[in-house]
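Summary of structural features
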Amino acid sequence: LCFVTLSPAQCPSCASDAGTSGCTITLTDTVTNPTYALNSSSDKLCIATGAVIQGTWDITITDPDAVIVNNGKINVSNGITIGDGTFVNNHEIFLGGDLTVNDGQMVNYGITNLDGTLSLPSSSAEFCNEDSMAVGTDVSLAGDFLNNGVLSVNNEFNQSSGNICVTGIGKVYAYDFE
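Residues numbered from 1 in each chain as written. Predicted model: local features only at pLDDT ≥ 70, side-chain atom pairs only at ≥ 80, totals over all residues. Heavy atoms only, no water.

Attention now goes to the overall build of the chain. Of regular secondary structure, the chain possesses 0 helices and 24 strands. Counting contacts in the chain only where the partners sit at least 6 residues apart, residues at least 24 apart contribute 19% of the total. Put simply, the chain shows about 7,600 Å² of open surface, and 47% of that area lies on carbon and sulfur atoms. (Helix = DSSP H or I, 4+ residues; strand = E, 2+ residues; numbered from the N terminus. Contact = heavy atoms within 4.5 Å. Areas by Shrake-Rupley, 256 points an atom, 1.4 Å probe, with all protein chains shown as cover.)

Encoded structure:
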């Protein structure tokens, strides 16, 4: 399988690092089993440098303008589902489960490792990988995917719709491409 470079108009416009100004919730220490709901356009959850999120993830993001910025370390036993909004990872994420982006956008400028599946089940979902990502099982794409980093998939890379775009030196390693 060969990946073709698409015109920039077909690529997702990846959010920048999103900064830490305007945070409505800031986590600065070790937090176990966080529970938050980002349901308003003004909601912005910031995980500060040095902060560690552990246990399980129970943070929902349902507003298209809500934002999560991770500058710390997320190390949880379950997965993360992004219902809407923007999630920017600038440091480290380790998940014991799946990473699902239903709507909105996930941008990885750091390291993301998950034991489960990376899933974009909706055509309105976008994922930008600008650094390093390891997926324990499959990648399943119906949304747009930009890869300018290294993506390692332990099993299958499946694209049902959406665009795959590489504008830099992106690499995808997978057992099988469908």
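Read on for the rest.
Further remarks concern the state of the cysteines. If you walk through the whole model with that rule in mind, you get 2 disulfides. Disulfide partner of Cys14: Cys128, at an S-S distance of 2.0 Å. For the disulfide bridge between Cys14 and Cys128, the dihedral angle about the S-S bond is near -90°, and by the sign convention the bridge is left-handed. With Cys14 in the segment before β1 (25–27) and Cys128 in strand β16 (residues 125–129), this residue pair connects regions lying 114 residues apart in the sequence. Under the relative-accessibility criterion, Cys14 is labelled partly exposed at 24%. Note that Cys23 is cross-linked by a disulfide to Cys46, the S-S spacing being 1.9 Å. Taking the sign of the torsion about the S-S bond as the criterion, the disulfide between Cys23 and Cys46, at about -80°, is left-handed. Residue Cys23 is located in the segment before β1, and its partner Cys46 is located in strand β4 (residues 44–47); the two are separated by 23 residues in the primary sequence. For Cys46, a relative accessible area of 1% corresponds to the buried category. (Disulfide = S-S within 2.5 Å. Buried < 20%, exposed > 50% of the residue type's maximum accessible area, 1.4 Å probe, protein only.)

Burial along strand β6 (residues 58–61) is one-sided: the residues Ile59 and Ile61 are buried and none of Asp58 and Thr60 is. Here strand β3 (residues 35–38) runs beside β6; their pairing, made up of 4 bridges, is parallel. Opposite Tyr36, over in β6, you have Ile59 as the bridge partner. (Pairing = 2+ DSSP bridges.)

To continue, consider the side chain of Asn89. Of note, Asn89 is situated in strand β10 (residues 86–89). Engagement of the side chain of Asn89 in a polar contact is seen with the backbone oxygen of Ile111, the distance being 3.4 Å. Among the polar contacts listed, one links the side chain of Asn89 to the side chain of Thr112, at a separation of 3.3 Å. (Polar contact = N/O pair within 3.5 Å; in protein donor to acceptor, adjacent residues only side chain to side chain.)

With that settled, consider the packing of aromatic side chains. Evaluation of the coordinates by the stated rule reveals 3 aromatic pairs. The interplanar angle of 15° and the centroid separation of 5.7 Å between the aromatic rings of Phe127 and Phe145 together place this pair among those described as stacked. In this pair, Phe127 sits in strand β16 while Phe145 sits in strand β19 (residues 144–147), placing the two residues 18 residues apart along the sequence. On the basis of relative accessible area, Phe127 is assigned to the buried category, the value being 0%. Residue classification places Phe145 among the buried residues on the basis of a relative accessible area of 0%. Among the aromatic side chains, those forming a connected cluster through ring pairs are Phe127, Phe145 and Phe157. (Phe/Tyr/Trp six-rings, centres within 6.5 Å; stacked < 30°, edge-to-face > 60°.)

Another aspect to go through is the confidence of the model for the chain. Averaged over every residue, the pLDDT of the chain is 89; the share at 70 or more is 89%. Considering only residues more than four positions removed or in separate chains, one finds that residues 1–9, a stretch of pLDDT under 50, has 11 contacts. (pLDDT = per-residue confidence, 0-100.)

Here we come to the sheet that holds β1. Pairing in this open sheet of 8 strands is parallel, and the strands run β1-β4-β7-β10-β13-β16-β19-β22 from one edge to the other. Strands at the two margins of the open sheet, each flanked by one partner only, are β1 and β22 (164–165). Bridge count between strand β13 (residues 104–108) and β16: 5 bridges; the pairing is parallel. Directly across from Gly104, in β16, lies its bridge partner Ala125.

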